[in-house]
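# Architecture and fold: a report
Chain residues, written in single-letter form:
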Amino acid sequence: AKNLPLIVLVHGGTNVRGTHWQWNPEAAYLAALGYAVLEPDYRGSTGWGMKLYQAGWKQWGRAMQDDLDDGMDDLARQGIVDARRACIMGASYGGYAVMEGLARDPDRWRCGVNYVGVTDILLMNDVTWSDFANSDYLKYGLKELVGDPDKDADMLKAASPLLHASS
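Residues numbered from 1 in each chain as written. Predicted model: local features only at pLDDT ≥ 70, side-chain atom pairs only at ≥ 80, totals over all residues. Heavy atoms only, no water.

Quick look at the environment of Gly 141 now. Along the chain, Gly 141 falls in helix H6 (residues 136-145). Other than its neighbours up to four places away in sequence, Gly 141 contacts Asp 136 and Val 146. (Helix = DSSP H or I, 4+ residues; strand = E, 2+ residues; numbered from the N terminus. Contact = heavy atoms within 4.5 Å.)

Take a look at the structure:
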């Protein structure tokens, strides 16, 4: 098939493995509707070695987002998808990537579907009302993997969709 509409289905995490070679009912449903579905394991994903995993550290809204754009661009270059009919979709980090993609490059995406996604990176460090507040990830991993709210404040603000959605 050529010039299909595209759904970039971004997995959550980020520090988890995305899709596997197994049945994914969500992707199958979208494909049955006629969409090409791209499920990228962008940098920061696990299961492909330490180099890819570490390449995602502190890359929210930056190189990790570029990976999603690059995947779409490659499919468009091959004529498989119509880049003017591309949607980005995901939950958790995937939902963040939706919001960042729409804020960063609104002309790239025809639509976005965010479910339970992060819209304010800095809020992840301040949250006190959820199960996430007492997690080991928040205490030990977030500063290394996403960014330190004090040392990396400017970087985190620049990559926070909530803070630049209208720009």
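Turning to the pairing of strand S4 (residues 111-115), a few remarks are in order. Pairing of strand S3 (residues 81-91) with S4, which is carried by five bridges, proceeds in the parallel orientation. What sits directly across from Met 89, in S4, is Val 113. Note that the unit made of S3, helix H4 (residues 93-104) and S4 has a crossover that is right-handed. (Pairing = 2+ DSSP bridges. Right-handed = clockwise from strand over helix to strand, strands pointing away.)

Attention shifts here to a nonpolar patch on the surface. A surface patch of nonpolar side chains, about 330 Å² in accessible area, is lined by Tyr 29, Leu 33 and Tyr 35. Its location among the elements puts Tyr 35 in the loop between helix H1 (25-32) and strand S2 (36-38). With relative accessibility at 31%, the residue Tyr 35 sits in the partly exposed group. (Patch = residues over 30% accessible without salt bridge, like charges linked within 9 Å, V, L, I, M, F, W, Y side chains within 5 Å. Areas by Shrake-Rupley, 256 points an atom, 1.4 Å probe, with all protein chains shown as cover. Salt bridge = Lys/Arg side-chain N within 4 Å of Asp/Glu carboxyl O. Buried < 20%, exposed > 50% of the residue type's maximum accessible area, 1.4 Å probe, protein only.)

Our next topic: unusual backbone geometry. Even without glycine at this site, Asn 3 takes up a positive phi of about 55°. Mapped onto the secondary structure, Asn 3 falls in the segment before strand S1 (4-10). Although it is not a glycine, Val 116 adopts a positive phi angle of roughly 50°. Tracing the backbone through its elements, the reader meets Val 116 in the loop between S4 and helix H5 (121-126).

A word on the packing of aromatic side chains. Aromatic ring pairs are reported here in terms of the distance separating the ring centres and the angle at which the planes meet. Enumeration according to the criterion identifies five aromatic pairs in this entry. With a centroid separation of 5.1 Å and 40° between ring planes, the pair formed by Tyr 42 and Tyr 93 is classed as tilted. Taken as a pair, Tyr 42 in the loop between S2 and helix H2 (50-54) and Tyr 93 in helix H4 lie far apart in primary sequence, 51 residues in all. For the pair shown, Tyr 42 and Tyr 93 are each scored as buried. Measuring from ring centre to ring centre gives 5.6 Å for Tyr 53 and Trp 57, while their planes differ by 90°; the resulting arrangement is edge-to-face. Relative accessible area serves as the criterion here: at 16%, Tyr 53 is assigned to the buried category. With relative accessibility at 30%, the residue Trp 57 sits in the partly exposed group. Among the aromatic side chains, those forming a connected cluster through ring pairs are Tyr 42, Trp 60, Tyr 93 and Tyr 96. (Phe/Tyr/Trp six-rings, centres within 6.5 Å; stacked < 30°, edge-to-face > 60°.)

Strand order in the open sheet formed by four strands is S2-S1-S3-S4, and the pairing between neighbours is parallel. Unpaired on one side and paired on the other, S2 and S4 mark the two borders of the sheet. If you compare each strand with its neighbour and ignore which way they point, the axes differ by 20° on average. Strands S1, S2 and S3 of the sheet are contacted by helix H3 (residues 63-77), whose axis makes an angle of about 145° with S3. Together, S1, S3 and S4 form the strand contacts of H4, whose direction differs from that of S3 by roughly 135°. (Axes fitted to C-alpha atoms, helices over the stretch in contact; angles between N-to-C directions.)

Keep in mind these values describe shape, not function.
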